[in-house]
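# Topology and contacts: notes
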Amino acid sequence: PWLADVPLRFRVNSGYSKTDETVFFRGRKVSGYNSEEVNYGFGLDRAITEKLHWYQNLYTYSQPRIFGLVGTAEANNVPEKYRIATVGSTFIYEDRNNIFNPSKGFMLSSSVEYAAPFLGSDSNAHFVIIRQDFYNYYSLTPNVVLALAINYAKLWGLGNSSGVPLTKRLTL
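What comes next is a walk through the structure. The structure presented is a predicted model; accordingly, all values stated were derived computationally and were not measured. (Residues numbered from 1 in each chain as written. Predicted model: local features only at pLDDT ≥ 70, side-chain atom pairs only at ≥ 80, totals over all residues. Heavy atoms only, no water.)

## Comments concerning the overall build of the protein chain
- Secondary structure assignment for the protein chain yields 1 helix and 8 strands.
- Walking the protein chain from its N terminus toward its C terminus, one meets helices and strands in the order β-β-β-β-β-β-β-β-α.
- Expressed as a percentage of its 172 residues, the buried residues of the protein chain come to 30%.
- Considering only residue pairs separated by 6 or more positions, the protein chain has 52% of its internal contacts joining residues 24 or more positions apart.
- Element-wise, carbon and sulfur atoms account for 56% of the exposed surface of the protein chain, whose accessible area totals about 11100 Å². (Helix = DSSP H or I, 4+ residues; strand = E, 2+ residues; numbered from the N terminus. Buried < 20%, exposed > 50% of the residue type's maximum accessible area, 1.4 Å probe, protein only. Contact = heavy atoms within 4.5 Å. Areas by Shrake-Rupley, 256 points an atom, 1.4 Å probe, with all protein chains shown as cover.)

So, in structure tokens, the structure goes:
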């Protein structure tokens, strides 16, 4: 059931997340922040082979909000809400016996993400991120699996941006 016998799917994504990373010591806030994010996007997903897949992020728009920043010198300088618009591409090679609960095999993922003001980002959201992820699964006994992960990411701030948005800084 593929269009012109090409295994290509159109994807539409939306999401919402909220976290509370506030740390308390003896009943007093000492560090942390709260964040929430809404995002929307669409892209193409193509199975190149049975084990190799390519996902092209045609456009993603997100609105992260950082609030309740405690214990840092820049707490008053962080904008509460901003916009990030990205495009990118991901290749995934997967050789796991089960995608939801693997007991043997591996998965390798390589991606690049680009954000810029001309895409709809705020002026301080101009960056490139590359990510490499490797996951390996070993079955030690029928009920015990050893899962190993190696992840690498590199972020570059571009242009005259005043910095990289706080929600992307943890990529470093």
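## Structural notes on the layout of surface pockets
- Put simply, the largest pocket is a space of about 740 Å³.
- Y55, N57, T90, S111 and R131 are, among the 26 residues lining the largest pocket, the residues nearest its centre.
- Elements that contribute at least two residues to the lining of the largest pocket include exactly β1 (8–20), β3 (28–47), β4 (52–70), β5 (84–96), β6 (105–115) and α1 (166–169).
- Across the lining of the largest pocket, the residue classes tally to 5 nonpolar, 13 polar and 8 charged. (1 Å grid on protein atoms, 1.4 Å probe; cavity = no way out; pocket = protein on both sides within 12 Å on 5 of 7 lines; lining within 4 Å. Points joined across faces, edges and corners; volume = space filled by probe spheres on them. Nonpolar A, V, L, I, M, F, W, Y, C, P; charged D, E, K, R; others polar.)

## Here's the deal with the pairing of strand β8 (residues 144–157)
- Direction of pairing for strand β7 (residues 127–141) relative to β8: antiparallel, over a ladder of 14 bridges. Within β8, the residue paired with S139 across the bridge is V145.
- If you look at the hairpin formed by β7 and β8, you'll find 2 residues sitting between the two strands. (Pairing = 2+ DSSP bridges.)

## Things to note about the pattern of salt bridges
- Counted according to the given criterion, the structure contains 7 salt bridges.
- Residue R9 pairs with D45 through a salt bridge whose shortest N-O separation is 3.1 Å. Highlighted residues: R9 in strand β1 and D45 in strand β3, separated in sequence by 36 residues.
- Between K51 and D95 there is a salt bridge, with the nearest N and O atoms lying 2.8 Å from each other. (Salt bridge = Lys/Arg side-chain N within 4 Å of Asp/Glu carboxyl O.)

## Details of the environment of G43
- Looking at where G43 falls in the secondary structure, it is placed in strand β3.
- On the basis of relative accessible area, G43 is assigned to the buried category, the value being 0%.
- Here the alpha-carbon distance between G43 and V12, two residues 31 residues apart in the chain, equals 6.7 Å.
- In this structure G43 touches R9, F10, R11, Y55, Q56, N57 and L58, once residues within four positions along its chain are discounted.

## A word on the side chain of E36
- Residue placement: E36 occurs in strand β3.
- Residue E36 is classed as buried on the basis of its relative accessible area of 18%.
- A distance of 2.6 Å separates the side chain of E36 from the side chain of Y16, its partner in a polar contact.
- Those residues in contact with E36 that sit more than four places away from it in its chain are Y16, S17, K18, Q63, P64, R65 and F67. (Polar contact = N/O pair within 3.5 Å; in protein donor to acceptor, adjacent residues only side chain to side chain.)

## Let's talk about a nonpolar patch on the surface
- On the surface, a cluster of nonpolar side chains totalling about 440 Å² of accessible area is made up of Y138, L140, V144, L146 and L148.
- Where the nonpolar patch is concerned, the elements lending two or more residues are β7 and β8.
- A total of 3 residues in the nonpolar patch trace back to one element, the largest contributor, which is β8.
- Secondary-structure assignment places V144 in strand β8. (Patch = residues over 30% accessible without salt bridge, like charges linked within 9 Å, V, L, I, M, F, W, Y side chains within 5 Å.)

## A short note on the environment of V6
- Summarising the element assignment, V6 is placed in the segment before β1.
- Since its relative accessible area comes to 31%, V6 is described here as partly exposed.
- On a C-alpha basis, the gap between V6 and I48 in space is 9.5 Å, while along the polypeptide they are 42 residues apart.

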